[in-house]
Amino acid sequence: MKFFQSNHLLRYEKHPVSSHIWQIDPHREGTDEWVPCCSRHNHAAVEIISLREGDMTAQLGDAVFSMHAGDTLFMNPFDIHYLRTLRGGAPVVYQCVNFNLSFLSRSDLPEVSRLLSDLEQGKLRFRSLISAASPLAAEADRLLRALHDSYEARQTVSGLLRIHAGLEQFLALLEAAGLAYTPEQGVQSGREDFTKEVVQYVCTHYAEPITTEDAASAVHLNKSYFCRAFRKAFDQTFADYLNHYRISVAKTQDPADYRSLQALAEAVGYPNYDCFARHFLHLTGCVPSDYFRRGNTTVR
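Note that the structure is predicted; figures quoted are calculated from it, not measured. (Residues numbered from 1 in each chain as written. Predicted model: local features only at pLDDT ≥ 70, side-chain atom pairs only at ≥ 80, totals over all residues. Heavy atoms only, no water.)

1. A few points about the sheet that holds strand β1 (residues 17-24)
Taken in spatial order, the five strands line up as β1-β8-β3-β6-β10 in an open sheet, and their pairing is antiparallel. Of all strands in the sheet, those bounded by a partner on one side alone are β1 and β10 (129-130). Bridge count between strand β6 (residues 72-75) and β10: two bridges; the pairing is antiparallel. Its bridge partner lying in β10, Thr72 is registered against Ile130. Its contacts with the sheet place helix α2 (residues 137-152) against β1, β3 (46-53), β6, β8 (92-99) and β10, and it is angled at close to 105° to β1. (Pairing = 2+ DSSP bridges. Helix = DSSP H or I, 4+ residues; strand = E, 2+ residues; numbered from the N terminus. Contact = heavy atoms within 4.5 Å. Axes fitted to C-alpha atoms, helices over the stretch in contact; angles between N-to-C directions.)

2. Quick look at the pattern of salt bridges
One pass over the structure, following the stated rule, counts eight salt bridges. Arg125 is the salt-bridge partner of Asp79, the closest N and O atoms lying 3.0 Å from each other. Here Asp79, found in the loop between β6 and β7 (81-86), pairs with Arg125, found in strand β9 (residues 125-126); they are 46 residues apart in sequence, far enough to count as distant. Note that Asp290 is salt-bridged to Arg293, the shortest N-O span being 2.6 Å. Of this pair, Asp290 and Arg293 both sit in helix α10 (residues 288-293), three residues apart, which is roughly one turn of that helix. Judged by relative accessible area, which is 62%, Arg293 ranks as exposed. Within this structure, Arg106, Asp108 and Glu168 form a network of salt bridges that share partners. (Salt bridge = Lys/Arg side-chain N within 4 Å of Asp/Glu carboxyl O. Buried < 20%, exposed > 50% of the residue type's maximum accessible area, 1.4 Å probe, protein only.)

3. Considerations on the sheet that holds strand β5 (residues 63-68)
An order of β2-β7-β4-β5 is seen for the four strands of this open sheet, with the pairing classed as antiparallel. At either margin of the open sheet sits one strand with a lone partner, and together these are β2 (34-41) and β5. Going across the sheet, the axis of each strand differs from the next one's by a mean of 15°, ignoring polarity.

4. Digging into the pairing of β7
With five bridges connecting them, β2 and β7 associate as antiparallel partners. By the bridge assignment, His41 is partnered in β7 with His81. Looking at chain direction, strand β4 (residues 55-60) and β7 are connected through four bridges and run antiparallel. Bridge pairing in β7 places Leu60 opposite His81.

5. Quick notes on the packing of α2 against helix α3 (residues 157-176)
α3 packs onto α2 with a crossing angle of 160° between their chain directions and a minimal axis gap of 8 Å. As judged from the angle between their axes, α2 and α3 are roughly antiparallel. Here α2 and α3 pass one another in a crossing that is left-handed. Between α2 and α3, the contacting residues are Glu139, Ala140, Arg142, Leu143, Leu144, Leu147, Ser150 and Tyr151 on the first element and Gly159, Arg162, Ile163, Leu167, Gln169, Phe170 and Leu173 on the second. (Parallel < 35°, antiparallel > 145°, perpendicular 65-115°, else oblique. Left-handed = near helix turned anticlockwise from the far one by under 90°.)

6. Comments concerning the nonpolar core
By size, the foremost hydrophobic cluster in this structure holds 36 residues, and its most contacted members are Val198, Val202, Tyr206, Phe226, Phe230, Phe238 and Phe276. Only α4 (190-205), α5 (212-218), α6 (223-234), α7 (238-251), α8 (261-267), α9 (273-284) and α10 provide two or more residues apiece to this core. Top contributing element to this core by residue count: α7, with seven residues. Ranked by size, the runner-up nonpolar core spans 28 residues in total, among them Val46, Phe126, Leu136 and Leu167. (Core = buried A, V, L, I, M, F, W, Y, C linked by side-chain atoms within 4.5 Å.)

7. Side note on the environment of Val268
On the secondary structure map, Val268 appears in the loop between α8 and α9. Residue Val268 is classed as buried on the basis of its relative accessible area, which comes to 1%. Sequence separation of Val268 and Ser248 is 20 residues, and the distance between their C-alpha atoms is 9.5 Å. Aside from chain neighbours lying at most four places away, what touches Val268 is Tyr206, Ala207, Arg246, Val249, Ala250 and Phe276.

8. So, α6
Note on helix geometry: an α-helix contains 3.6 residues per turn, so any two residues three or four positions apart are oriented the same way. With 12 residues, α6 extends 16 Å from end C-alpha to end C-alpha; this agrees with the ideal 16 Å at 1.5 Å per step. A side-chain oxygen of the first residue of α6 lies 3.2 Å from the backbone nitrogen of Ser224; this N-cap is Asn222. At the exit of α6 stands Asp235, carrying a positive phi of roughly 60°. (Expected span 1.5 Å × (residues − 1). Polar contact = N/O pair within 3.5 Å; in protein donor to acceptor, adjacent residues only side chain to side chain.)

9. Concerning the side chain of Thr72
Among the secondary structure elements, Thr72 is positioned in strand β6. Thr72 has contacts with Ile48, Ile49, Ser50, Met67, Ser128, Leu129, Ile130, Ala140, Leu144 and Phe170, leaving out every residue within four places of it along the chain.

10. Things to note about the packing of aromatic side chains
The full count for this structure, using the stated rule, is 15 aromatic pairs. Summarising the aromatic geometry, the rings of Phe226 and Phe238 are spaced 5.7 Å apart at their centres and angled 70° between planes, so their arrangement reads as edge-to-face. Taken together, the residues span a long stretch of sequence, with Phe226 in helix α6 and Phe238 in helix α7 at a distance of 12 residues. With a centroid separation of 5.5 Å and 80° between ring planes, the pair formed by Phe230 and Phe238 is classed as edge-to-face. Considered together, Phe230 and Phe238 belong to a single accessibility category, that of buried residues. (Phe/Tyr/Trp six-rings, centres within 6.5 Å; stacked < 30°, edge-to-face > 60°.)

Next up, the structure:
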């Protein structure tokens, strides 16, 4: 998946959707009890996780879910979330689907467009976990596997049509099963509004030389209050979040699109290549040249 800076929402390659299979090795070196599958983050796009092998723990806001093979997790727009697995456990394999709700908007079906708009604005939500024991699990798994096959053929018109249809069928499955609900008045907290503003700011400006002060000013807060609010919401500093975001974008790029890795680094906000390489090594376990030489596209 690739992000276009021109849009404050996440965009993926030529189309606002992606499907990837990620593999996590829980036996990596280190002393922490947990191996991260992804860092704490949020975004405007919907994210769906289908766990194919192993066990994971997912946190969405204040809710914690223990996931096992066959479980599916639906993350509503702007849900703060992260995934991790116990060190030393079985290998983890999961499908991750991201898509912008606007991709499914239909001018000829105002009811559908209204549902999508309500989801994006948080006026409507879908319940998150479809357990492997649920009657919906087999159909959800079938739809997501078919969606991934369609994504592999996304350069064709038939592949794009199947992607669109597959996403519509998946949302229809959730809606027909009664998993949509309206949050109670007042549940949309100031913290949720804050995280939306922050993620939209980062999506728009990550390639620029932004600072914590810039981000605080963008959401009309002083730096001290912003730092406290950000750490409470994301459990990390803004600088760490920004580095994670920039490296996540860099990992999705094709080096052939750039004249050099220095140019790639600049495109994601690092005018200093050594700084880029240092953060890349810290967050991926290898330097950029080795990462792209190996063709790493399935390890998050």
